[in-house]
Amino acid sequence: MSSFCHLHNHSHYSLLDGACRIDDLISLAHEFGMPALALTDHGNMHGAIEFYKKCAKKGIKPLVGAEVYVAPASRFDRQSDPGAAPTSFHLVLLCKNHQGYKNLMKLASAGYLEGFYYKPRIDKKLLAEHHEGLIALSACLKGEVAWRLVRENQQKAATAAEEYREIFGEDFYLEVQNHFIPEEEVARTGILALADELGIKAIATNDIHYLKREHADAHDVLLCLQTGKDYDDPDRMRYRTR
C-alpha cells in the first residue's frame, strides 16, 4: 500500500474545469493502494456526499474539501484593478472532523450568497470565523503565497503565509507542486525557503484535473468550452504541459 495520497483533486463538479469522474478517481486511487483521497472542487461541495459514500465502499478514507476563492480584501468588494491583485486567490480547505464539515458548508454557501464576483468568493474575516476543524493548504500558482512570490517578493509572500497561519495555526500548510511550469519552480523554491524561515510545514500535491496523460486533449477541449474560445485560437488559455 502506498503511504502517499492525493490532496488536491478536481472532479467534474469543478464545472467546465475538472475532467475526473468521481467513480474513476476513486477506482484509480484504489488500484494504486492509496489509503485516503481528497476532493477539492472549485468553490463548491457538490460532489461531497457522492464522493464520501463511494470512497467508503472502496475502503478509502474520504477527505472532503474544496478549493475556495479568497477575495484579496473584503468579499463584498466588486471592483477590479488591472494593476493590482486578482479578484480572488485560491486556497485548499480539507475537513478534519464534523465541525470542519459544517464550517466548510457555511463558507461555500457564503461564497455564492455574499461574495460572488466572477467566482464564489469568501474572505479572511469569514475564514477566521469558521476555521475550526479545517486544514488549509496554500494551493497552486493562483494561491496568494505563490502569487506574491512570483509577482511581488518574498516578504509579501511571508506576510500572506503568516496571515493564514494566524487563522489556522498548525493546520496551515505551504503547498508545493511540480507540473514542469517555469513559474512553479520560482514558487516552489520560495515556498520551501518560507517553510524553513517561518517554521510552517510544506506538503507536496498534484493539481489534478484529469486522470491519465491520454486525457489531456479532452481536457483541453473542456477549457475551450469554459472560456468560449476556438480550439485553434493561439491566444486562448491552455495548460502548457500534459
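Up top is the structure these notes are about.
Residues numbered from 1 in each chain as written. Predicted model: local features only at pLDDT ≥ 70, side-chain atom pairs only at ≥ 80, totals over all residues. Heavy atoms only, no water.

1. Points about the overall build of the protein
Part 1: If you tally the helices and strands in the protein, you get eight helices and seven strands.
Part 2: Against the 2.2 N^0.38 benchmark of 18 Å for 242 residues, the protein shows a C-alpha radius of gyration of 17 Å, consistent with a compact globule.
Part 3: Dimensions along the principal axes, computed over C-alpha positions, put the protein at roughly 45 × 40 × 40 Å.
Part 4: When each of the 242 residues of the protein is scored for burial, the buried share is 49%.
Part 5: When contacts within the protein are restricted to residue pairs at least 6 apart in sequence, long-range pairs at least 24 apart make up 74% of them.
Part 6: Total accessible area on the protein is roughly 12,400 Å²; 53% of this is exposed by carbon and sulfur atoms. (Helix = DSSP H or I, 4+ residues; strand = E, 2+ residues; numbered from the N terminus. Rg over C-alpha atoms; globule rule 2.2 N^0.38 Å. Buried < 20%, exposed > 50% of the residue type's maximum accessible area, 1.4 Å probe, protein only. Contact = heavy atoms within 4.5 Å. Areas by Shrake-Rupley, 256 points an atom, 1.4 Å probe, with all protein chains shown as cover.)

2. Observations concerning the pairing of strand S1 (residues 36–42)
Part 1: Counting buried positions over the seven residues of S1 gives seven, a clear majority of the element.
Part 2: Of the two faces of S1, the one carrying Ala-36, Ala-38, Thr-40 and His-42 and the one carrying Leu-37, Leu-39 and Asp-41 are both buried.
Part 3: Bridging between S1 and strand S2 (residues 61–70) involves seven bridges; their strand directions are parallel. Paired with Asp-41 across the bridge in S2 is Ala-66.
Part 4: Viewed along the sheet, the connection from S1 through helix H2 (residues 48–58) into S2 turns out right-handed. (Pairing = 2+ DSSP bridges. Right-handed = clockwise from strand over helix to strand, strands pointing away.)

3. Thoughts on the environment of Leu-25
Part 1: Structurally, Leu-25 is set in helix H1 (residues 22–31).
Part 2: Leu-25 gets classed as buried once you look at its relative accessible area, which sits at 5%.
Part 3: With 183 residues separating them in the primary sequence, Leu-25 and Ile-208 have C-alpha atoms 10.0 Å apart.
Part 4: The residues contacting Leu-25, other than those within four sequence positions of it, are Asn-9, Leu-37, Leu-39 and Leu-211.

4. So, H2
Part 1: Where H2 is concerned, the buried positions are Ala-48, Phe-51 and Cys-55. Taken around the axis of H2, the buried residues stretch over an arc of 65°, which confines them to a single face. Among the exposed residues of H2, those pointing more than 90 degrees away from its buried face are Lys-53 and Lys-57.
Part 2: Taken together, the buried residues of H2 touch H1, S1 and S2.
Part 3: Directly beyond the C-terminal end of H2, a positive phi value near 75° is found at Gly-59. (Arc of directions from axis to C-beta.)

5. Quick notes on the nonpolar core
Part 1: Formed by 37 residues in total, the largest nonpolar core has its most connected members in Leu-91, Leu-93, Leu-127, Val-145, Phe-168 and Leu-174.
Part 2: In terms of residue count, the dominant contributor to this core is helix H6 (residues 154–168) (seven residues).
Part 3: Not counting residues up to four positions away in its chain, the partners in contact with Leu-93 are Val-64, Gly-65, Ala-66, Val-68, Leu-104, Leu-107, Leu-127, Leu-134, Ile-135, Ala-136 and Phe-168. (Core = buried A, V, L, I, M, F, W, Y, C linked by side-chain atoms within 4.5 Å.)

6. Thoughts on the packing of aromatic side chains
Part 1: What the rule picks out here adds up to four aromatic pairs.
Part 2: When the ring of Phe-89 is compared with that of Trp-147, the centres are 5.6 Å apart and the planes differ by 65°; the resulting orientation is edge-to-face. With Phe-89 in strand S3 (residues 89–95) and Trp-147 in helix H5 (residues 144–151), this residue pair connects regions lying 58 residues apart in the sequence. In this pair, the class of Phe-89 matches that of Trp-147, namely buried. (Phe/Tyr/Trp six-rings, centres within 6.5 Å; stacked < 30°, edge-to-face > 60°.)

7. A word on the environment of Cys-5
Part 1: Mapping Cys-5 onto the fold places it in the segment before H1.
Part 2: A relative accessible area of 18% means that Cys-5 is categorised as buried.

8. Regarding the pattern of salt bridges
Part 1: Considering all chains together, one arrives at eleven salt bridges under this definition.
Part 2: A salt bridge links Arg-21 to Asp-24, with the shortest nitrogen-to-oxygen separation between them at 3.8 Å.
Part 3: In this structure, the salt-bridge partner of Lys-96 is Asp-171, at a minimum N-O distance of 2.8 Å. Of the two residues, Lys-96 sits in the loop between S3 and helix H3 (98–113) while Asp-171 sits in the loop between H6 and strand S6 (172–176), which places them 75 residues apart along the sequence.
Part 4: Connected via shared salt-bridge partners are Lys-124, Glu-144, Arg-148, Glu-152 and Glu-163. (Salt bridge = Lys/Arg side-chain N within 4 Å of Asp/Glu carboxyl O.)

9. So, the packing of H5 against helix H7 (residues 182–198)
Part 1: As a packed pair, H5 and H7 sit with axes 9 Å apart at the nearest point and diverge in direction by 110°. Overall, the two elements H5 and H7 adopt an arrangement that is roughly perpendicular. Handedness of the crossing formed by H5 with H7: right-handed. Residues Val-145, Ala-146, Leu-149 and Val-150 of H5 touch H7, and the partners they reach there are Glu-183, Val-186, Ala-187, Gly-190, Ile-191 and Leu-194.
Part 2: Considered class by class, the residues forming the contact of H5 with H7 number eight nonpolar, one polar and one charged. (Axes fitted to C-alpha atoms, helices over the stretch in contact; angles between N-to-C directions. Parallel < 35°, antiparallel > 145°, perpendicular 65-115°, else oblique. Left-handed = near helix turned anticlockwise from the far one by under 90°. Nonpolar A, V, L, I, M, F, W, Y, C, P; charged D, E, K, R; others polar.)

None of the figures reported here should be taken as evidence of function without further support.
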